[in-house]
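These are the residues of each chain, in order.
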Amino acid sequence: MAPSALALLPIGLFLALFIGGGLYYQQAGVDFAFYQVPAPVAILPAILLALLLARGTLNQRVDALIRGCADNTLITMVLIFLLAGGFASVAKAIGGVDATVNFGLSLIPAPLVLPGLFVMTAFIATSMGTSMGTIAAIAPIAVGISEATELSTVLTIGTVMGGAMFGDNLSIISDTTIAATRTQGCEMRDKFRMNFKIALPAAIITLLWLAYQGAASEAQQVRGYDLWLVLPYIAVLGLALSGLNVLLVLFAGIVLAGVIGLVRVEDYHLANWAKDIYAGYGSMQEIMILSIFIGGLAALMKAGGGLAWIGAFIDRLSRKGSAPKDHRRAGEFSIISSVALANLCTANNTVAIIISGSLAKDIAERYGVDPKRSASLMDIASCVVQGIIPYGAQMLLAASLAGLSPLQLVSAVTYCWALGAVALISVVIGKPAGR
């Protein structure tokens, strides 16, 4: 299909309505300003515009929309949303969140809770290879920590988001790592080593910042807790670390939490269990609708040549100049830009890497960028963008579990901002391979 910049207009319209509406109502002094124009509604005009700009008959355009909404990866995310909501709801109803928070605060001093939360989340995400499953398991605990200390919910959830994206970026079983290494033709261990050199400084910066932010926090008096109520979270984390599919992990968590509630919690019956699961489903309604629409919108923009235009645009920029080694920085910036722009349009980091893979490989070959360096930069760029866009699946899940607007979390994901800064610095001061 012919590249077309016009095909990208719908995503701009969506962001203008979603973010612009929130800013307008905030200026007007309206409470809950960013909730006044719900994202699933703000995206409808963008979908209409995408249908008008797409090519083919009306039926073909609608078919493209439906195929995007029914993408296998998207449906998997929707199921994760449902089960995560159900697990969080049941675990909270039986007192599991409070018990887990009190258990954690009894082991970790309050001023070190934020660094500890980041390290724990990063370790779990690296072991699991999925940021979504990690957020689903840890975000409710982070909300409980904010309630038991003087820390804001935005800060604790942002910490969980950062740790989850750390693991998603570095894990050798992450789908982004697999996609990046396969498209660039390098070994996972080589990409890991290269990636770690950038991720470690970013993580250290994040830990120092979190330690500073939490230094003055004080926990309320740690109350007693029933270790049986902590068991669902321990089981979920253990099953996740074992490599079990995240859907099965969350389903097992719902079952275990419900059974423990029936046995250990007074006046907790089967009807309560069923209602709590359903209430968890309902809490995920907004992000499920938005995610489905985002998938359809991305498919329409791709069908209209929008993503092809991004590739062609970056390729034109990267071909300027005639001395590849002297323009190594331009090549690396081009690789980062291609993935970042694709990620902004698709809201899916794995898809962005796959879409940009062949272009990035071609740029790397022309500019003397080592394949493992190229794979590392691709994964990092997708991690940074996916971790801070307010309509990405990870941000939507974390915000829903915490009862926040995704826009509130954008500036709180310290790790992703630090990772992006360190990556750009490495491009500026780095040397071409072989020097």
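Notes on the structure in this doc start here.

The rules behind each value
- Residues numbered from 1 in each chain as written.
- Predicted model: local features only at pLDDT ≥ 70, side-chain atom pairs only at ≥ 80, totals over all residues.
- Heavy atoms only, no water.
- Core = buried A, V, L, I, M, F, W, Y, C linked by side-chain atoms within 4.5 Å.
- Buried < 20%, exposed > 50% of the residue type's maximum accessible area, 1.4 Å probe, protein only.
- Contact = heavy atoms within 4.5 Å.
- Patch = residues over 30% accessible without salt bridge, like charges linked within 9 Å, V, L, I, M, F, W, Y side chains within 5 Å.
- Areas by Shrake-Rupley, 256 points an atom, 1.4 Å probe, with all protein chains shown as cover.
- Salt bridge = Lys/Arg side-chain N within 4 Å of Asp/Glu carboxyl O.
- Helix = DSSP H or I, 4+ residues; strand = E, 2+ residues; numbered from the N terminus.
- Expected span 1.5 Å × (residues − 1).
- Phe/Tyr/Trp six-rings, centres within 6.5 Å; stacked < 30°, edge-to-face > 60°.
- Arc of directions from axis to C-beta.
- Polar contact = N/O pair within 3.5 Å; in protein donor to acceptor, adjacent residues only side chain to side chain.
- Axes fitted to C-alpha atoms, helices over the stretch in contact; angles between N-to-C directions.
- Left-handed = near helix turned anticlockwise from the far one by under 90°.
- Nonpolar A, V, L, I, M, F, W, Y, C, P; charged D, E, K, R; others polar.

## Describing the nonpolar core
Next up, step 1: Counting residues in hydrophobic clusters, the biggest one holds 137 residues, and the most contacted among them are Phe14, Ile157, Leu397 and Leu419.
Next up, step 2: Apart from the residues lying within four places of it in its own chain, the contact partners of Ile157 are Ala139, Ala142, Val143, Ala398, Ala402, Leu404 and Leu409.

## A short note on a nonpolar patch on the surface
Next up, step 1: On the surface, Phe251, Val255, Val259, Leu262, Val263 and Leu270 cluster together to form a nonpolar patch covering roughly 540 Å² of accessible area.
Next up, step 2: Of all the elements, helix H12 (residues 246–264) adds the most residues to the nonpolar patch, at five residues.
Next up, step 3: With respect to the helices, strands and loops of the structure, Val255 is situated in helix H12.

## A closer look at helix H2 (residues 39–53)
Next up, step 1: Taking 1.5 Å of rise per residue, the 15 residues of H2 would be expected to cover 21 Å, and the 21 Å separating its terminal C-alpha atoms lies within 8% of that figure.
Next up, step 2: Every buried residue of H2 is listed here: Ala39, Pro40, Ala42, Ile43, Ala46, Ile47, Ala50 and Leu51.

## A closer look at unusual backbone geometry
Next up, step 1: Residues other than glycine seldom take positive phi values, yet Asp267 does so here, at roughly 60 degrees.
Next up, step 2: Positionally, Asp267 belongs in the loop between H12 and helix H13 (270–283).
Next up, step 3: With a relative accessible area of 60%, Asp267 lands in the exposed category.
Next up, step 4: Positive phi is not limited to glycine here, since Ala347 has a value of about 55 degrees.
Next up, step 5: Considering the arrangement of structural elements, one finds Ala347 in the loop between helix H16 (328–346) and helix H17 (349–366).

## Description of the packing of aromatic side chains
Next up, step 1: One pass over the full model with this rule turns up 10 aromatic pairs.
Next up, step 2: An angle of 70 degrees between the planes, with centres 6.3 Å apart, marks the rings of Phe118 and Phe166 as edge-to-face. On the criterion of sequence distance, the pair formed by Phe118 in helix H6 (residues 113–128) and Phe166 in helix H8 (residues 153–170) is long-range, its members being 48 residues apart.
Next up, step 3: Judged by relative accessible area, which is 3%, Phe118 ranks as buried.
Next up, step 4: An aromatic cluster of three or more residues is present, and its members are Phe14, Phe18 and Tyr391.

## Comments concerning H13
The periodicity of an α-helix, 3.6 residues per turn, causes residues three or four positions apart to be oriented the same way.
Next up, step 1: The end-to-end C-alpha separation of H13 is 20 Å, in line with the 20 Å expected for 14 residues at 1.5 Å each.
Next up, step 2: Every buried residue of H13 is accounted for by Trp273, Asp276, Ile277 and Gly280. All buried residues of H13 lie within an arc of 100 degrees about the axis, which places them on one face of the element. With respect to the buried face of H13, the exposed residues turned more than 90 degrees away are Lys275 and Tyr278.
Next up, step 3: Where H13 is buried, its residues contact helix H4 (72–93) and H12.

## Observations regarding the environment of Leu244
Next up, step 1: Looking at where Leu244 falls in the secondary structure, it is placed in the loop between helix H11 (227–241) and H12.
Next up, step 2: Exposure remark for Leu244: the relative accessible area of 35% places this residue in the partly exposed category.
Next up, step 3: Dropping the residues within four chain positions of it, Leu244 is found in contact with Leu239 and Val249.

## Looking at the side chain of Thr149
Next up, step 1: Tracing the backbone through its elements, the reader meets Thr149 in the loop between helix H7 (131–148) and H8.
Next up, step 2: There is a polar contact of 3.2 Å between the side chain of Thr149 and the backbone nitrogen of Leu151.

## Section: the packing of H17 against helix H18 (residues 371–388)
Next up, step 1: Between H17 and H18, the least distance of the axes is 10 Å, while the angle of their chain directions is 145 degrees. Regarding H17 and H18, the two cross each other, and that crossing is right-handed. Residue-level contacts link Asn349, Ile353, Ser356, Gly357, Ala360 and Ala364 of H17 to Ser374, Met378, Asp379, Ser382 and Gln386 of H18.
Next up, step 2: A per-class count over the contact of H17 with H18 returns four nonpolar, six polar and one charged.

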